[in-house]
Structure formats: C-alpha cells, structure tokens
Amino acid sequence: MSEDSIRELVAGSLERIRAARTLEELEAARVEVLGRKGALAIAGKEMGKLPPDARAAFGKLLNGAKQTLEQSYEARKRSLDEGALSRRLDGEWLDLTLPAPGPRRGHLHPITRIQRELEELFRSLGFAVLDGPEVETEYYNFDALNIPATHPARDMQDTFWLEGGNLLRTHTSPVQVRGMERLGPPLRMIAPGRVFRNESVDASHEHTFYQLEGMMIDRDVSVAHLLYFMKTLLAAIFHREVTVRLRPGYFPFVEPGFELDIQCLICGGPGCPVCKQSGWVELLPCGLVNPNVLRMSGIDPGEWNGFAFGLGLTRLAMMRYGIDDIRHLQGGDLRFLEQF
Ligand code: PHE
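Residues numbered from 1 in each chain as written. Predicted model: local features only at pLDDT ≥ 70, side-chain atom pairs only at ≥ 80, totals over all residues. Heavy atoms only, no water.

*Asks:* Even after reading the chapter, I still don't get the pairing of strand E6 (residues 244-248), so can you show me in this structure?
*Replies:* Working note: regular strand, side chains alternate between the two faces of the sheet. Sheet analysis places E6 next to strand E7 (residues 254-263), joined by 5 bridges and oriented antiparallel. Bridged to Val244 within E7 is Ile262. Between E6 and E7, which pair antiparallel in sequence order, lie 5 residues. (Pairing = 2+ DSSP bridges. Helix = DSSP H or I, 4+ residues; strand = E, 2+ residues; numbered from the N terminus.)

Written out as structure tokens, the structure is:
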C-alpha cells in the first residue's frame, strides 16, 4: 500500500466524518474508519506485506493518519453533542412569565343570589325569614288558604300527590299559614323556597321552581303599603326604579287580589319578544289577605288585616339576567352557570 493511497484514505475518511449530520451517522462513520474492522485496521494489516525497511515509515504514516482522523472524529462529536443539547433545551423550554390558569372557584347559583339579597332586604325592613316543608298536607297547601275542593288548582294536572294524601307544595303560601299559627299578629314574614307543579316542561315552564312568599299583618294595612313594599323590593333587585301596574287577579286567599306587572326591562315599553309585544311582564301576584284565611289561622279579621305576595324567584332571575329558557336554571350545565 502506497503513501498516496493512505492520504486518499485519510481524505475520504475526513469527508465521511464531517458529512455526518447526526450522532448516529457519526458513529457509523467511526466504525467504518476507526473500528476494529475499519479502513485503518485493514491498512494496518498491509504493513506485514511490506519489506522490513519500509515498515517503520509506513507505521508512522498510519499513526499520523489515525491521530488526524481521531481528532476530526472528536471535533465532530463535540459539535453534534452541542447541537443535540441545544435542541433538547429548546424543546423543554418553559415560559415562566406565562400567567398560570387560576384555581376554578365555585359561586352561588343566580337564584340563590337573588334569594339572599331579598332576605337581607326584608330583614332590614323587619320581616322574619321563615322556612316550611316541601312535602305538605292538603290543609296547609289548600284548605287553610281558602282554596275550595272544587278549585282548578287542585286538579291532578297541577299537583304532585303523594301516597297518604300529602303533596309536594305547589306554592310557598302554606308558610303564610304556618307563620300566622306560630307567630300570630302583628306579623311580617317572608318564606323563600322550592315549589312543584305537575306541568310539562318547556322554555317557560318547569315542574320545580322557586318562589318567595311575603306577608304582613297589622292594623289598617292598605294597598298603598303593599305597593310601597313591592316597589322597594323591585328597585332593590333591578337597581333602579321600575314602573309597575296593578291588574285584578283572582287568588282565593286574597281579596282584592292583583297581578302586579312591571314595565318590560328589555324594551322599556314599546314591546319585544320577552314581554310578548305588550310592554309589560307579569311578575308578582299579591293582594290583601282574605278574612277567611285570617280566621282559619285564629286571627280576628275585625282587628287585623294584611297583604300577601308570591314572587316568582325563578322568573325574576330570568328577567334580571336575560335568561330566555327556564330549563337552564336547573340544568346543572357549568357552561351556563359559570356566566353569573
Ligand atoms: N301562591 C300564589 C301562586 O302560586 C301566588 C300568590 C301569593 C298570590 C300570595 C297572592 C298572594 O301562584
């Protein structure tokens, strides 16, 4: 083997090493050039075939070649190692200035919020906050409220009857009766709670919804008192004066009975889909307590009278937050609830 062919081998091998683009390619080149069966090793075996006086020079040449190639290999390896490291660092890079996603906090249901606001308001006006059972007797839900057995509200369609003659209360009015029995006159009470009706569910009807009952019994209570409290209540909820009107309404437990409407908060009067183009929204049935109701609870209607109202908390929440489908409120969908 000639000196020239050694030089050629070195040149080719250097080329091979420099061309390696990855650590794997470089390793393959190292095996081919510097490995035990590589090009240099094969050239070393040639030395035995040379005449003895030429061997020393050839050996020197081979050693030089080996050194050159080893240095070249080391240099390439360092550079590829650095590349691999910086690529890895790039990949694992964290932006520590990015804001972390905050902890997910729960909050109160919109109806609970309105309920609590109203409890606070009425407490400040001297009203007691009372609670009553959701499973009621026929007496408290109907009879004691002057609802005769023939009244349509007793229709099987509206009431969930339970075995044994009890029922799921269809309104919070039975708590009026319990309040009168327990506390007697003079009386100022509210009773927020869940009520149930055997209705088919659609965008504006639910079988389960919330009311807030109110009652005030004293001497010489008039419709003016009723209106004052109703307007105070509505201003607190909507954070502004609302225009109201009274229409006659029939409820066996009040006389006279009214439907209190508010001017539509969405359109302000001219008419829109929410108020069904009428400009008014029915919100608050109320009236002066029927003397029969007082009498049945042991209160003398000759001395005492009062007003009562049954606010639809669910309807109110829908008005305040512009919710157009009642089913959202009990749907339990966080995408809905998280908006409040
Ligand atoms: N309890 C009646 C209802 O559910 C509402 C009401 C309460 C009306 C108090 C008058 C007075 O529908």
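Having seen the structure, we can now continue with the description.
*Asks:* Help me understand the site of the ligand in this model?
*Replies:* Around the ligand, the structure places 14 residues, and the nearest of them are His171, Ser173, Arg197, Gln211 and Gly310. Residue His171 places a side-chain N or O atom 2.9 Å away from a nitrogen atom belonging to the ligand. In the model, a nitrogen atom of the ligand is placed 2.8 Å from a nitrogen or oxygen of the Ser173 side chain. Within the complex, 92% of the 320 Å² of free accessible area of the ligand lies under protein. Listing elements by their share of the shell around the ligand, those giving two or more residues are strand E5 (208-218), strand E8 (280-289) and strand E9 (305-312). Considering every element that reaches the shell around the ligand, the biggest residue donor is E9, with 3 residues. A class-by-class count of the residues in the shell around the ligand yields 7 nonpolar, 5 polar and 2 charged. (Near = heavy atom within 4 Å. Polar contact = N/O pair within 3.5 Å; in protein donor to acceptor, adjacent residues only side chain to side chain. Areas by Shrake-Rupley, 256 points an atom, 1.4 Å probe, with all protein chains shown as cover. Nonpolar A, V, L, I, M, F, W, Y, C, P; charged D, E, K, R; others polar.)

*Asks:* So what exactly am I meant to see when it comes to the domain arrangement of the protein here?
*Replies:* Where interface size is given, it is often the accessible area lost as the parts come together that is meant. In terms of domain boundaries, the protein breaks down into domain 1 (3-91) and domain 2 (110-337). Each of domain 1 and domain 2 was reduced to a C-alpha centroid, and the two centroids are 94 Å apart. (Domains from an automatic or database assignment.)

*Asks:* Which parts of the structure should I look at to understand the sheet that holds E6?
*Replies:* Within a sheet, adjacent strands bond to each other through the backbone by hydrogen bonds, running parallel or antiparallel. As summarised here, the arrangement of the 7 strands in space is E1-E4-E5-E9-E8-E7-E6, forming an open sheet in which the pairing is mixed. Lying at the two open borders of the sheet, with one neighbouring strand each, are strand E1 (128-129) and E6. One ladder, built from 3 bridges, connects E8 with E9; its direction is antiparallel. Pairing of Leu288 across the sheet is with Phe307, part of E9. Docked against the sheet, helix H7 (residues 174-183) engages strand E4 (187-196), E5 and E9, running at close to 145° with respect to E4. Running over the sheet, helix H10 (residues 313-321) touches E5, E7, E8 and E9 and is turned about 55° from E9. (Contact = heavy atoms within 4.5 Å. Axes fitted to C-alpha atoms, helices over the stretch in contact; angles between N-to-C directions.)

*Asks:* Please explain unusual backbone geometry as it appears in this structure.
*Replies:* Negative phi is the rule for most residues except glycine; trans is the rule for most peptide bonds. Cis geometry marks the peptide bond from Pro185 to Pro186; its omega dihedral reads -10°. Relative to the elements of secondary structure, Pro186 occurs in the loop between H7 and E4. In the Ramachandran plot, Asn146 falls in the positive-phi region, its phi being about 65° despite a non-glycine side chain. Among the secondary structure elements, Asn146 is positioned in the loop between helix H6 (138-141) and strand E3 (167-168). Even without a glycine there, the phi angle at Asp220 is positive, about 60°.

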